[in-house]
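Report on the structure
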Amino acid sequence: AGALATRARAGYYGARYRRTAAASLDSVLVGSAAGGRRLTAFVPVGTGRPLAVRLHQALFAAREAIDYQRATGGMDAFDGAVEAGVSRELTEALIALVRGTEGARIAVEWAPAAGIPDGCAASSEAVEFSPGDLPVLREAGARFLREEPSVTVRITGTVVRMHRSQPRGDGS
């Protein structure tokens, strides 16, 4: 979701930017700690910093939008959160991460040698998501899917088999 958000801002990406987003994750090293309770991803400073910054911003924007929805009942904050990188793909990832658990804490730490990126806090607190957030995340994901405008696509392919039962009429 963070890799998609570095390409463009959208509430729902669908198949857009999937290849380039996946390619940007090739250099990310992921491993789990003993006991499997902690997962760490190491992102190269040179190529992965924009991805980490966007993910950091998106996580905090998602948390704020969830809190706003709980306080007011309105989903308006999710509209503005799209600019920070929140999308259906992020809501689905958070749902998958939190479902069946007591919650998830996500923290981003910056390499001391590279410094802190502009617009990011020096010591970032972990962003927490709980099972109580799941209904709001599901609703936001459905809203993004429903409201994202369709885009024109061009499909190029090769016809490998055609069949028509009669000289005229529809074929298959």
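Counting residues in hydrophobic clusters, the biggest one holds 25 residues, and the most contacted among them are Leu-59, Phe-78, Val-86, Leu-90, Leu-94 and Phe-129. The greatest single-element share of this core, amounting to six residues, is contributed by helix α3 (residues 45-72). Discounting residues that sit within four places of it in the chain, Leu-90 has contacts with Ala-1, Leu-55, Ala-58, Leu-59, Ala-62 and Gly-85. Counting residues in each nonpolar core, the second largest holds seven residues, with Ala-3, Leu-4, Ala-21 and Leu-51 among its members.

Together, Val-151, Val-153 and Ile-155 line one region of the surface with nonpolar side chains, adding up to about 330 Å² of accessible area. Tracing the backbone through its elements, the reader meets Val-151 in the segment after α6 (134-147). What makes Val-151 partly exposed here is its relative accessible area of 44%.

Once that is clear, we can look at unusual backbone geometry. Unlike most non-glycine residues, Tyr-17 shows phi in positive territory, near 65°. Secondary-structure assignment places Tyr-17 in the loop between α1 (2-5) and α2 (18-24). Given the relative accessible area of 36%, Tyr-17 is considered partly exposed.

Cut-offs applied
Residues numbered from 1 in each chain as written. Predicted model: local features only at pLDDT ≥ 70, side-chain atom pairs only at ≥ 80, totals over all residues. Heavy atoms only, no water. Core = buried A, V, L, I, M, F, W, Y, C linked by side-chain atoms within 4.5 Å. Buried < 20%, exposed > 50% of the residue type's maximum accessible area, 1.4 Å probe, protein only. Helix = DSSP H or I, 4+ residues; strand = E, 2+ residues; numbered from the N terminus. Contact = heavy atoms within 4.5 Å. Patch = residues over 30% accessible without salt bridge, like charges linked within 9 Å, V, L, I, M, F, W, Y side chains within 5 Å. Areas by Shrake-Rupley, 256 points an atom, 1.4 Å probe, with all protein chains shown as cover. Salt bridge = Lys/Arg side-chain N within 4 Å of Asp/Glu carboxyl O.

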